[in-house]
Amino acid sequence: MTAVRATSVDIPTPDGVADAYLAHPDDNAAHPAVLFYMDAFGLRPHLNGMADRLASHGYTVVVPNVFYRHGRTPVVELPEFIDPGQRPEIFDKIGPIMQDLTPDRAVRDAGAYLEWISTRPEAANGPVGVTGYCMGAALSLRTAAAYPDRVAAAAGFHGGGLATEDPDSPHRLAENITAELYFGHADQDHALPPEQIERLNQALTEAGVRYRAEVYEGAAHGYTQADTASYNQDAAERHWTELLALFDRTLTSAA
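Residues numbered from 1 in each chain as written. Predicted model: local features only at pLDDT ≥ 70, side-chain atom pairs only at ≥ 80, totals over all residues. Heavy atoms only, no water.

### Observations concerning the packing of aromatic side chains
Counted under the stated rule, the structure contains 7 aromatic pairs. Considering the side-chain rings of F157 and Y182, the 5.8 Å spacing of their centres and the 45 degrees angle between planes classify their relative orientation as tilted. Taken together, the positions of F157 in strand β6 (residues 151-157) and Y182 in strand β7 (residues 180-186) put the pair 25 residues apart, joining distant regions of the chain. Since its relative accessible area comes to 0%, F157 is described here as buried. The structure contains a cluster of three or more aromatic residues connected by ring pairs, namely F36, Y133, F157 and Y182. Looking at R238, its charged tip hangs above the ring of Y216, at a distance of 4.0 Å from the centre. (Phe/Tyr/Trp six-rings, centres within 6.5 Å; stacked < 30°, edge-to-face > 60°. Helix = DSSP H or I, 4+ residues; strand = E, 2+ residues; numbered from the N terminus. Buried < 20%, exposed > 50% of the residue type's maximum accessible area, 1.4 Å probe, protein only. Lys NZ or Arg CZ within 6 Å of the ring centre and 35° of its normal.)

### Thoughts on empty space enclosed by the protein
One pass over the structure, following the stated rule, counts 3 cavities of 30 Å³ or more. Estimated volume of the largest cavity: approximately 70 Å³. If you trace the largest cavity, you find it lined by Y37, V66, L101, A106, V107, D109, A110, Y113, L139, R142 and T143. Sorting the residues of the lining of the largest cavity by element identifies α3 (103-118) and α4 (135-146) as the ones contributing at least two each. (1 Å grid on protein atoms, 1.4 Å probe; cavity = no way out; pocket = protein on both sides within 12 Å on 5 of 7 lines; lining within 4 Å. Points joined across faces, edges and corners; volume = space filled by probe spheres on them.)

### Notes on the nonpolar core
Ranked by size, the top nonpolar core spans 82 residues in total, and within it L54, V61, V66, L181 and F247 carry the most contacts. Element by element, the count of residues in this core is highest for α4, at 7 residues. (Core = buried A, V, L, I, M, F, W, Y, C linked by side-chain atoms within 4.5 Å.)

### Looking at the sheet that holds strand β8 (residues 211-216)
Taken in spatial order, the 8 strands of this open sheet run β1-β2-β4-β3-β5-β6-β7-β8, and their pairing is mixed. Each end of this open sheet is capped by a strand with a single partner; those strands are β1 (4-13) and β8. Across the sheet, the mean angle from the axis of one strand to that of its neighbour is 20 degrees, orientation sign disregarded. Sheet analysis places strand β3 (residues 33-37) next to strand β4 (residues 60-64), joined by 3 bridges and oriented parallel. By the bridge assignment, V34 is partnered in β4 with V61. This element, helix α6 (residues 233-250), spans β3, β5 (128-133), β6, β7 and β8 of the sheet and lies at about 170 degrees to β6. (Pairing = 2+ DSSP bridges. Axes fitted to C-alpha atoms, helices over the stretch in contact; angles between N-to-C directions. Contact = heavy atoms within 4.5 Å.)

### A look at helix α5 (residues 194-206)
Taking 1.5 Å per residue as the helical rise, α5 with its 13 residues ought to reach 18 Å, and the 18 Å between its terminal C-alpha atoms agrees with that figure. When we look at burial in α5, the residues that qualify are Q196, I197, L200, A203 and L204. The buried residues of α5 all sit within an arc of 130 degrees when viewed along its axis, so they share a single face. Residues P194, E198, T205 and E206 are exposed on α5 and point more than 90 degrees away from its buried face. (Expected span 1.5 Å × (residues − 1). Arc of directions from axis to C-beta.)

### Things to note about α3
Compared with an ideal rise of 1.5 Å per residue, which puts 16 residues at 22 Å, α3 spans 23 Å between its outermost C-alpha atoms and is within 8% of the ideal. All of the buried residues in α3 are A106, D109, A110, G111, A112, Y113, L114, W116 and I117. Tucked into the core, α3 has its buried residues touching β1, β2 (16-25), β3, β4, β5 and α4.

Everything listed here is a matter of geometry and, on its own, says nothing about what the molecule does.
What follows is the structure in structure tokens.
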């Protein structure tokens, strides 16, 4: 692993300016880029640390505040550690903000993020990887479908709502995806019950998408997030193993 340099940046979008966290190896070289989608709790020290860890493996990582329409980070004030008793109050504030990020807005924003990445000297020319957590898993899937010429790999971990019966459910975009996908689903996840996992797998299989989807037994929704009570260290480390293998396989060979 290499030393990392990180900074806060602003990304112009058609609807405003998204503040973001940028991390990359501290070697003045260009590295394969990764668009990192936050969970609902947003940009905070833990996510910055995750971006730093990914960057230390040779990637230029961008973590946008996807809730930028509602203000700069922190959009919602959070405790240092989020326990189950605090979640209802927090989601009373976050819920409407999440609903405001419609699929159309998310895809429009993704185009702006990818365009910005393409202008950065820290980012190598070539395909981009995407990873997302909780709500970010759906954003990862939508980005891969909307920009198949840019996205070579996309991952989602403890994602929710990936294959609902809604007409705009992310799984319905499978036929547009050319990237290789990986999903690390949470076990017994209310946000992604078994019927949705089956529906997602069927859609991806029928569309001929290269993918692997696994359920992490005993890992709750949010298992990668060490500043929450859902954190599961074994599952989180498994996520790192799979994510790095995906990106090493699809991005470094093209860099």
